[in-house]
Amino acid sequence: MSYFMTHLHSGWHVDQAIMVEEDRVVCMRFGHDYDKDCMAMDESLYSVSEKVQNFCVIYLVDITEVPDFNKMYELYDNTTLMFFFRNKHIMIDLGTGNNNKINWPITDKQEMVDIIETVYRGASKGRGLVVAPKDYSTRHKY
């Protein structure tokens, strides 16, 4: 479903998307369109895009086509989801230890809406770190 969503093709476009949006959260999915994890994440993002369009805008960035942010944001995973609000990176405490990004596919649509809504509510109150509605520290059951 990634072909239905807005792709950003240069570092300048990514910067502009983050800087220009004043009222909504900017949700950036970094990764590759052909990767199965990205496909799962894109499917989830596309399915919730209409529900969250009033408080979130979603963009997709191919990390091979736009390598400008790979080192800065440590984009080494198959899929990475990051949030920005008023030109500021919003961190989210998921219980995993990495508060900068979500680096696994979230396939549950309601879970995705809850995370985006939590980020928006926290960011609009001026918080730079929000706590996720669900604890992902035991996501992997060994």
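Parameters and conventions
Residues numbered from 1 in each chain as written. Predicted model: local features only at pLDDT ≥ 70, side-chain atom pairs only at ≥ 80, totals over all residues. Heavy atoms only, no water. UniProt positions renumbered as here; feature names shortened; annotations may be inferred. Buried < 20%, exposed > 50% of the residue type's maximum accessible area, 1.4 Å probe, protein only. Helix = DSSP H or I, 4+ residues; strand = E, 2+ residues; numbered from the N terminus. Pairing = 2+ DSSP bridges. Right-handed = clockwise from strand over helix to strand, strands pointing away.

- The name that an unreviewed UniProt entry assigns to the protein chain is Spliceosomal protein DIB1, with the source organism given as Dioszegia hungarica.
- Under the UniProt heading Sequence similarities (unreviewed entry), the note attached to the protein chain is "Belongs to the DIM1 family."
- Annotation of the protein chain in UniProt includes, under Function (unreviewed entry), the sentence "Essential role in pre-mRNA splicing. Also essential for entry into mitosis (G2/M progression) as well as for chromosome segregation during mitosis."

**Quick word on the pairing of strand S2 (residues 25-31)**
So, point 1. By the criterion of burial, S2 is predominantly enclosed, with seven of the seven residues buried.
So, point 2. Where S2 and strand S3 (residues 56-62) come together, seven bridges link them in parallel fashion. The residue bridging Val25 from the neighbouring strand is Cys56, located in S3.
So, point 3. Handedness of the crossover is the feature at issue here: the chain leaves S2, passes through helix H2 (residues 36-48), returns alongside S3, and the resulting connection is right-handed.

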